[in-house]
Each structure stands twice: as structure tokens, then as C-alpha cells.
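Here's the letter readout for the chains.
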Amino acid sequence: MATNKPRTSSFSRNVAAVPTSQVPGLKHGPNGTIFLSTGIADLDRILGGGFALGSLVMVMEDSDAPHHMLLLRNFMSQGLVHNQPLLYASPAKEPRAFLGTLPSPATSKDHKSRNDTEQEKALRIAWQYKKYFGEQNLDGQRDVKAEYCCDFDLRKPLERHALSGWHFDCVSLQNSPNLATLEGRCSAFLAKFPRSDGNISTAGRIAIQSLCAPHCEFSGKEWEVLAFIRSLKSMVRSSNAVAVITFPSSLVSPTTLRRWQHLADTLLSVKAIPDEDKELAQLLTGYQDMLGLLGVHKVARINTQVPVILEATTFSIKLHKRRILILECLNQAPVDGSSGSSYASSGSCSVSPKAGSLDF
Amino acid sequence: MMNNPAHNLLDEALGLNDDAVSGSSCGGGSGSVLLIEDSVETSGAFILHHLMKRSLSPQRPSDVIIFLSFAHPFSHYDRILRKMGCNLVMKRDNKRFLYHDLLMLKYPGPDGDQEKAIESMLLGLYGKLQKTVELCSLPETNKNITIMIDDVSLMEVAANGSSNRVLDFLHYCYSLTTEYGCSVVILDHEDIYSSTDRPSPLLQMEYLANVVIRAEPLATGLASDVHGQLTVFNKGVRHGFGGLKGKIHNFHFKIKENNVEYFYPGSRT
């Protein structure tokens, strides 16, 4: 065999035909979807590439712990890295202050060490396939991947001057009597990213924190909030943007919660784990390192009817070197118990009596 | 049945295999109402796609679908149906697939008489619908019309939670089934109503429906090769000698890009 000749079998992957991210921070997925990164490499992997443009992501908050902020921060920081405009709404009086707490990308040293381990893994698994790719090709792919999603150092807040060249917009939910203001801001923001075929210059990110929190005074207006989410979903669907909404699920009535869950394209939940839960500590390996649990209940199904069935729906949130957020499968997983208490109360997944006795 | 891939358990349960050419595209003959119920865990939208493909197939040149979409833009359905071998753009141009984009439909606002505003909004929508149905059922064209609504829960949101108005709308649609012999296919989410204590709109819809299809996740959780189970309540299966008899079918399904596999529990290794 001529080893130095490029392989031209009909089964070779047509790399040139796929336009691999002319725009940094965007990645083509199946069914004509385009992904942008969640800011957490593991979450990108779990969701099959990231959040699809045009999708509405909803995160059910834990009432005891602000873990949803971790997801939001990484999501927003990733937008900053790719210079994707952001609209941030929160019930705080000064939403802009939150931008000061965004994590900055990990330094190259940390970055490299993690990449190295990744590379090692890749080599171990795929050493047989190595001969089918050119070396350059492999390198190129890794570079694109590294650029697509950064690791963020949660201990190092972003420097002020980094925000200067970035288009962002903040809305406070506190002083507005209804959601019309927010809806107007969203629609003005989204109008900058119209969906026209094939031609994307950049993508927008909308992050809405704690919609329906008690101090927003929307509590009696369930239908109004639902109508807002629905119109936001429709607007996002027809533009190159992703909207992430976090909301306290315990404050919403069960019927409305179901409606929200149906409206979400991608549905996540975060849960804190109590410090001293001996029963749980026995069940799960690496319990001490866990920050919390992330549940993936629904993955966006845009342009397809096939549901995404994940191998696991609950992941543990951990910190790599106390800095970088990672997600891991639970090693000995009481999957149902962990997602059961607030989410699937209708008993759709198998709720075995054993898991039921575990209350966390 | 095994050697004919076009026939599957769902069509059989809907009673579609006997009248493959004549009659309506959804179960119970023309003038029927079919209700699809699903949940967060298991979407029932694929049944809509199946019925769309069936109605728009070349064997049924006189079928027309009027599609009221509250959930997805046209491109979403187009991509899905294209993978199933049906070109929606062409069908739309041929006036066989009449798509109404109602994604942004909502009642004007809290000022003024809210009930009136919602009512006039839905009446306007119905007026449009009725006109289309009338045009399609002129004697010279004489089409089999199917009205599809995706989905009713979003319609309720558009009507600001006034489910009575939405039910009125559905009753009007129901009147079209007797007047013009068109069929209605409704998608709704069952779990939304599970925690309400007052009589739920879903019960009323179930009462209207001739066929109820319920898509549920497996009791043991989702698996990669079984995506859920379907329960089909067919209130009017024509039984052997012309008698009517309700019948319940129950089977599993696995959704693929271009079709859906239906099988009895445990019949696959």
C-alpha cells in the first residue's frame, strides 16, 4: 500500500464539505442546527455539542443553593470570549454588578494540563484510528474544539477592562410592573440576529436569572409569564440566539411548572447536596468533591422527531483543581431519587421504593 | 402484515388498514376527532408527523391538511417530513398543506375587556379556518380535510389561560366535522392537567374525540431502544358485522428519523 498517499476511498469523511465554524464559537450540528457553547465542556458533550441556536433553555433552580449561577456565569463568560452580544436580566437592582463576578478563562498553563490529559485519553481510546487521519487534521480539530469552549477559572473574576469591547445589555426585573419591558428589550435584542440561511455573522445570548422570583412581583400573573416565555421562544426560534432562563421551580404551581417544562427546548435542573448526608456519602463515590447535581431532563429536538436518550440524566458537578467546573456521571447512581423529589412527581420514571426512601 | 412495511400497529389500531384508499387519514373514518396526549418525558409529536405523511402521500390526492401551528415554525416540520420522504414545500405550493403560523398569536393586552379580546381573537381565527374549509369542500374540488392543531396547551397560553374560550373553539371545529366531514387532530399535554382539581379541559376533549392516543414513557424509564408506549382508545372500531365496539391497543414504539417502529412489549429481542 502506498502509505504516503492520501486516502481517497468513498467512505472517507468529507471534511472539506462541512463548513467547520467559519465563525468562532459556533459549530454545525445535525439537522441543520448550529450550536454555541454552554461554557462547560462536559455539558457541551452531554448535550451533543452545546445549546442549539434558536432554542430555549430552562434551568430549574434549587431553592437552597445558587448552583444555577454557575451555569449562567459560564454561559455568559463564554459569550464574552466569543464576543457574542448578551442580554442579561435579573431581579437584582443592579444587574450589571453580576458581570463583575464572571469567571475569566483559565490561564494557558491550566488549560494545557487539562488538554494534555484529554489528549492522552483520546490516544488511548483511538490509537487504532490514528492511522486513518492525517496528523495535521487531528491537530486542527483539537484547536477548533479548544476555541469553541474554554475552561473558566471560577476563582479568578473577570477584569473590568475585558468587558469594554463587549456588547451587553442589562435589564432589572425588579422595578418593572409587567413583563412588557423585558419582552420589548428581548425583541429589540433579537432583531439584531435575524435568521437568514447560511449566512451567520454572530449569535446572541439571552440570560434571564430567576424569572418569577418573589421580589419580581409576577407571582399572581402566571399566564402573563407563560405568554412571555412563549413569545420569547417564538422570537428566539426565528433568530440566531439562545435564551437561558433560570427559575425557582418550587415557587411555581405544579400545573404551571408542567407548562414551563413543555415550553422549554432544553430542560436542566440543579440541586445542592447536603453536607452531612451519610447515606448518600456511602452510595456515591467521590461524594466529598461534589458541589451539586445537574439533571438533564430534556434535550432540544429542533428539526427532528427523534428524542435524545442520554445514558445518564443526572451528573455530579465538581471542580477540577478547585477552579474549573466539570460534570461527571454518578458512579453509583440513584438516578431516580435525585431527580424525583421536585421534578417528576407524577412517577413517570421508575421510582423504586428504595430510591424513594432517599430524600435529598 | 410483516411483508408490508406501510402497515404498522398504529395504523391498525386506528382502523386505517381496511380503508386504506377511501375514508379519512385519521382513525374512525371521516368526520372523526383524534386526540393525542403526551407528557414532558415523551413527546407525541411524531404521531402528527405520521398522520401528515399519510394524508399527503400520493395515494391520497384529494386530502388537504389545514395546520394550525402554535409550537414550531414551518421549517421544523419541513425538515422532519423531508426525512420521511414528503416534501412539504411542494405540498404547500399545491395547496394541499395549508400552514398557519400562529407562533406569535396572542391576545392584545390587559387593557380593555379581556374576555372580549380573547373571544374576538379566536373567532377571527375560526372565521379564517371556516373559510378555508368551505373553499376546500366545494363540490368541484371535494377534498378530505384534516385540521391539525399543534398544540392546544399553547393555544391556552395565547388565550391568556381562558380554557373555556379554547374549548369553544374546539367545539366549533367539531361542528365542522359534521358539517363538512373533515377530521380534526389535536395534540395536547396530559400532565399539565394532572394536578388540577376542577374538571379539566382534557376530559372535555376526550369526550369529543373518537380516538385517543396516549404517549407515555415506559414505567421503567426511558431506554435507548424503546422510546415509550402508546395506548390507543378507539371508540368506534367497526367490528366484523357492522357493530361498534370500543377497543384498546397498547404497544411500544421507537422513533427514527424516517419512520417509527411499533411493536408489542417483549416482541423484540
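Residues numbered from 1 in each chain as written. Chains lettered and ligands numbered in written order. Predicted model: local features only at pLDDT ≥ 70, side-chain atom pairs only at ≥ 80, totals over all residues. Heavy atoms only, no water.

## Observations concerning the nonpolar core
Ranked by internal contacts, the top residues of the largest apolar core, which has 121 residues, are I208(A), L211(A), L232(A), W260(A), F169(B) and L230(B). Per-element tally for this core: the top contributor is helix 5 (residues 114–136) of chain B, with nine residues. Residues in contact with L230(B), not counting those within four places in the same chain, are L10(B), F46(B), I47(B), I213(B), R214(B), A215(B), H249(B), N250(B), F251(B), F253(B) and Y262(B). In terms of nonpolar packing, the next biggest core, distinct from the first, is built from 43 residues, L43(A), L70(A), L71(A) and L86(A) among them. (Core = buried A, V, L, I, M, F, W, Y, C linked by side-chain atoms within 4.5 Å. Buried < 20%, exposed > 50% of the residue type's maximum accessible area, 1.4 Å probe, protein only. Helix = DSSP H or I, 4+ residues; strand = E, 2+ residues; numbered from the N terminus. Contact = heavy atoms within 4.5 Å.)

## Observations regarding the interface of chain B and chain A
Taken together, the contact pairs 48 residues of chain B with 34 residues of chain A. Counting each side, the surface lost to burial between chain B and chain A is near 3300 Å², with a carbon and sulfur contribution of 57%. Of all residues in chain B, V40(B), E41(B) and V157(B) give up the largest surface area on contact with chain A, accounting jointly for 19% of the area buried on that side. At the surface where chain B touches chain A, the tally comes to four salt bridges. For E183(A), the salt bridge identified is with K106(B), shortest N-O distance 2.7 Å. Linking chain B with chain A are 17 residue pairs in polar contact (both at pLDDT 80 or more). (Buried area = accessible area lost by both parts, 1.4 Å probe. Salt bridge = Lys/Arg side-chain N within 4 Å of Asp/Glu carboxyl O. Polar contact = N/O pair within 3.5 Å; in protein donor to acceptor, adjacent residues only side chain to side chain.)

## Some remarks on the pattern of salt bridges
For the structure on display, the rule yields 21 salt bridges over all chains. Note that R258(A) and D191(B) form a salt bridge whose closest N and O atoms lie 3.2 Å from each other. With R258(A) in helix 8 (residues 254–263) and D191(B) in the loop between strand 5 (183–189) and helix 8 (201–208), this pair bridges two chains. Across this residue pair, the class does not change: R258(A) and D191(B) are buried. Several salt bridges converge on common partners, so that one network encompasses E37(B), E190(B), E206(B) and R214(B).

## Things to note about the sheet that holds strand 2 (residues 34–36) of chain A
Strand pairing in a sheet relies on backbone hydrogen bonds. The paired strands run either parallel or antiparallel. An order of 1-2-3 (chain A) is seen for the three strands of this open sheet, with the pairing classed as antiparallel. What marks the edges here is a single partner per strand, and that holds for strand 1 (26–28) and strand 3 (51–52) of chain A. (Pairing = 2+ DSSP bridges.)

## Focus on the confidence of the model for chain A
All names here are of chain A. Per-residue pLDDT for chain A has a mean of 77; in total, 74% of the residues score no lower than 70. Here residues 1–8 scores under 50 on pLDDT; set against residues more than four positions off or in separate chains, the count is two contacts. Taken as a whole, residues 14–21 scores under 50 in pLDDT and shows five contacts with residues more than four places along the chain or in a different chain. (pLDDT = per-residue confidence, 0-100.)

## Structural notes on the confidence of the model for chain B
When pLDDT is low, close inspection of the predicted coordinates is not appropriate. Residue and element names in this part refer to chain B. When pLDDT is averaged across chain B, the result is 84; 86% of the residues are at 70 or more. Contacts for the low-pLDDT stretch residues 20–25, under 50 throughout, to residues beyond four places or in other chains number 19 contacts. As a predicted assembly, this complex carries a pTM of 0.83 together with an ipTM value of 0.89.

## Some points on the packing of aromatic side chains
In the structure shown here, the tally under the stated rule is 16 aromatic pairs over all chains. Where F67(B) meets Y99(B), the ring centres are 6.2 Å apart and the plane angle is 15°; that geometry is what we call stacked. Of this pair, F67(B) sits in strand 2 (residues 63–69) while Y99(B) is found in strand 3 (residues 97–101), placing the two residues 32 residues apart along the sequence. Residue classification places F67(B) among the buried residues on the basis of a relative accessible area of 0%. The ring of F75(A) has R205(A) lying over it, and the distance from NZ or CZ to the ring centre is 4.8 Å. (Phe/Tyr/Trp six-rings, centres within 6.5 Å; stacked < 30°, edge-to-face > 60°. Lys NZ or Arg CZ within 6 Å of the ring centre and 35° of its normal.)

## Observations regarding the pairing of strand 4 (residues 144–150) of chain B
All names here are of chain B. Judged by how many residues are buried, strand 4 sits mostly within the fold: six of seven residues are covered. Note that strand 2 and strand 4 share seven bridges and pair parallel. In the strand pairing of strand 4, S69 is matched with D150. Of the pairings in the sheet, the one linking strand 4 to strand 5 comprises four bridges and is parallel in character. Across the sheet, residue M148 finds its bridge partner in strand 5, namely V185.

## Focus on the side chain of S137(B)
All names here are of chain B. Secondary-structure assignment places S137 in the loop between helix 5 and strand 4. Among the residues examined, S137 registers a relative accessible area of 19% and is labelled buried. Polar contacts involving the side chain of S137 include one to the main-chain carbonyl oxygen of V133, which spans 2.8 Å. If near-sequence neighbours (up to four positions away) are discounted, S137 is found in contact with I145 and Y180.

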